[in-house]
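Each chain, letter by letter, is given below.
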Amino acid sequence: MWGWLRRGFSLKKTPEVLSDNGFEEATPFLVDLLEAHGMTSVTTHNGFVFTSDDWPAIRARFEPQGEGNRQCLDVELWLDRHRVIYERYPGSGSDNAEAKRNALAYFCGVSLHVYLAAFWNQRCCDQVDEEIWTVKGEVWNAYISPCVQRATDGQKIPVPLEFLPALQALVEGMSFNEDVVSISSFCGGLPEARLAEVRVNNGVNDTLSETLKALPWPESTVFYSMRNFIVLTRQVQSSQP
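Remember, it's a predicted structure, so these values are computed and weren't measured experimentally.

J.: How do you make sense of the pattern of salt bridges when you look at a structure like this?
T.: Note that side chains of opposite charge can pair when their charged atoms are close. Using the criterion set out here, one finds 11 salt bridges in the structure. Put simply, Glu63 and Arg88 hold a salt bridge, and the shortest N to O gap is 3.3 Å. One end of the pair, Glu63, is in strand β3 (residues 57-64); the other, Arg88, is in strand β5 (residues 84-92), and 25 residues separate them in sequence. Accessibility expressed as a relative area gives 12% for Glu63, which makes it buried. For Arg88, a relative accessible area of 3% corresponds to the buried category.

J.: Sorry, what's going on with the packing of aromatic side chains here?
T.: How two aromatic rings sit relative to each other is given by the distance of their centres and the angle of their planes. Tallied over the full model, the rule gives 12 aromatic pairs. Both rings, one in Tyr89 and one in Tyr106, keep their centres 5.3 Å apart while their planes meet at 70°; by these two values the pair is edge-to-face. In this pair, Tyr89 is assigned in strand β5 and Tyr106 in helix α3 (residues 96-120), connecting sequence segments 17 residues apart. Relative accessible area serves as the criterion here: at 4%, Tyr106 is assigned to the buried category. Geometrically, the ring pair formed by Phe107 and Tyr115 is tilted, given 6.3 Å between the ring centres and 45° between the ring planes.

J.: Teacher, can you tell me more about helix α5 (residues 206-214) here?
T.: Every α-helix winds through 3.6 residues per turn, so residues three or four apart in the chain are directed the same way. All buried positions along α5 are accounted for by Leu208, Ser209 and Leu212. The buried side chains of α5 occupy one side of the element, clustering within an arc of 100° when seen end-on. Exposed residues pointing more than 90 degrees away from the buried face of α5 are listed as Asp206, Thr207, Glu210 and Ala214. The secondary structure elements touched by the buried residues of α5 are α4 (163-171), β9 (180-190), β10 (193-200), β11 (203-204) and β12 (224-234). Sitting at the amino-terminal end of α5 is Asn205, which places a side-chain oxygen 3.2 Å from the backbone nitrogen of Thr207.

J.: Where do I start with the sheet that holds strand β1 (residues 43-45) in this structure?
T.: Sheet strands pair by backbone hydrogen bonding; their relative direction is either parallel or antiparallel. Taken in spatial order, the five strands of this open sheet run β1-β2-β3-β4-β5, and their pairing is antiparallel. Both outer strands of the open sheet, β1 and β5, are each paired with one neighbouring strand and no more. With direction set aside, neighbouring strand axes in the sheet form an average angle of 25°. Summarising the sheet, strand β2 (residues 48-50) and β3 pair through two bridges and their orientation is antiparallel.

J.: Looking at this model, I keep getting lost on the nonpolar core. Mind explaining?
T.: One recurring pattern in soluble globular proteins is that nonpolar side chains are buried together. Ranked by size, the top nonpolar core spans 37 residues in total, and within it Ile58, Leu73, Phe107, Tyr115, Phe119 and Trp120 carry the most contacts. Tallying contributions element by element places α3 first for this core, with 14 residues. Not counting residues up to four positions away in its chain, the partners in contact with Tyr115 are Ile58, Val75, Leu77, Ile85, Glu87, Phe107, Trp120 and Phe229. Counting residues in hydrophobic clusters, the runner-up holds 26 residues, among them Ile144, Tyr224, Ile230 and Leu232.

J.: Looking at this model, I keep getting lost on the packing of helix α2 (residues 27-36) against α3. Mind explaining?
T.: When two helices pack together, their arrangement is captured by the angle between the axes and the distance separating the axes. The N-to-C vectors of α2 and α3 enclose an angle of 55°; their axes lie 12 Å apart at closest approach. In terms of axis orientation, α2 runs oblique to α3. Handedness of the α2/α3 crossing: right-handed. Side by side, α2 and α3 meet where Phe29, Leu30, Leu33 and Leu34 of the first sit next to Leu104, Phe107, Cys108, Leu112, Leu116 and Trp120 of the second. When grouped by side-chain class, the residues that make up the contact of α2 with α3 number 10 nonpolar, no polar and no charged.

J.: It is not clear to me how the confidence of the model for the protein should be interpreted in this structure. Could you clarify?
T.: Low pLDDT means the predicted coordinates in that region are not meant to be read closely. For the protein, mean pLDDT is 87; residues scoring 70 or higher make up 89% of the total. Confidence scores differ between elements of the protein, with helix α1 (residues 2-9) showing the lowest mean pLDDT of 49 and α4 the highest of 98.

J.: How should I be thinking about the pairing of β9 in this particular structure?
T.: Working note: regular strand, side chains alternate between the two faces of the sheet. Most of β9 is tucked away: 11 of the 11 residues are buried. Side chains Val180, Ser182, Ser184, Phe186, Gly188 and Leu190 project from β9 onto one buried face, and the interleaved Val181, Ile183, Ser185, Cys187 and Gly189 project onto a second face that is buried too. Strand direction decides the pairing type here: β9 and β10, joined by eight bridges, are antiparallel. Counterpart to Gly189 in the pairing with β10 is Arg194.

Rules behind the numbers
Residues numbered from 1 in each chain as written. Predicted model: local features only at pLDDT ≥ 70, side-chain atom pairs only at ≥ 80, totals over all residues. Heavy atoms only, no water. Salt bridge = Lys/Arg side-chain N within 4 Å of Asp/Glu carboxyl O. Helix = DSSP H or I, 4+ residues; strand = E, 2+ residues; numbered from the N terminus. Buried < 20%, exposed > 50% of the residue type's maximum accessible area, 1.4 Å probe, protein only. Phe/Tyr/Trp six-rings, centres within 6.5 Å; stacked < 30°, edge-to-face > 60°. Arc of directions from axis to C-beta. Contact = heavy atoms within 4.5 Å. Polar contact = N/O pair within 3.5 Å; in protein donor to acceptor, adjacent residues only side chain to side chain. Pairing = 2+ DSSP bridges. Axes fitted to C-alpha atoms, helices over the stretch in contact; angles between N-to-C directions. Core = buried A, V, L, I, M, F, W, Y, C linked by side-chain atoms within 4.5 Å. Parallel < 35°, antiparallel > 145°, perpendicular 65-115°, else oblique. Left-handed = near helix turned anticlockwise from the far one by under 90°. Nonpolar A, V, L, I, M, F, W, Y, C, P; charged D, E, K, R; others polar. pLDDT = per-residue confidence, 0-100.

Here is the structure:
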């Protein structure tokens, strides 16, 4: 169980060695999603989906995972030619087609609307919370997804109320050279163990991961998981007095 979950959440390859193959199948799904959210100038090129003549662009591909009908959707949001946000969403189903739809729905529930709000100015008020965070004295826009849960038999496991305040407090004490920061959080629980991982700009942050794991998650007799995704964008400060 943990092996598949870890593979399903974390990238199994480093960004530098990801290939450019296999993106054709998922491209029509991305086009449909963007057009359904009001993007009217969607174009594609080599698997990339653009909404204008400039960045950002998004692409994705499906990848089989383990035994049975399990698929992962690997999503890449390219801010420009050199900066990429990577996300991976596992899915399962009665066959591979259903597993792919399940992975795509997972992505839609967690990251899609954050991307739309942060990078394409498309707001879905019931899907994204927008806040102002102060990071090392600088003002940032925070685009925050819901805490999307999955559990055996569809059971709901309460997310600790301390989750977002604890994450925000630690992040606001960090220093960033970038103008865009992505924060992806995952916690998975079994009756006998728990896995927690927080990635900042694609890299695992041990402090945030341990903080997430140490929160008062409820005991459960079934498997459960929680995903959350945040994008921070640094506000441009006016030079005028």
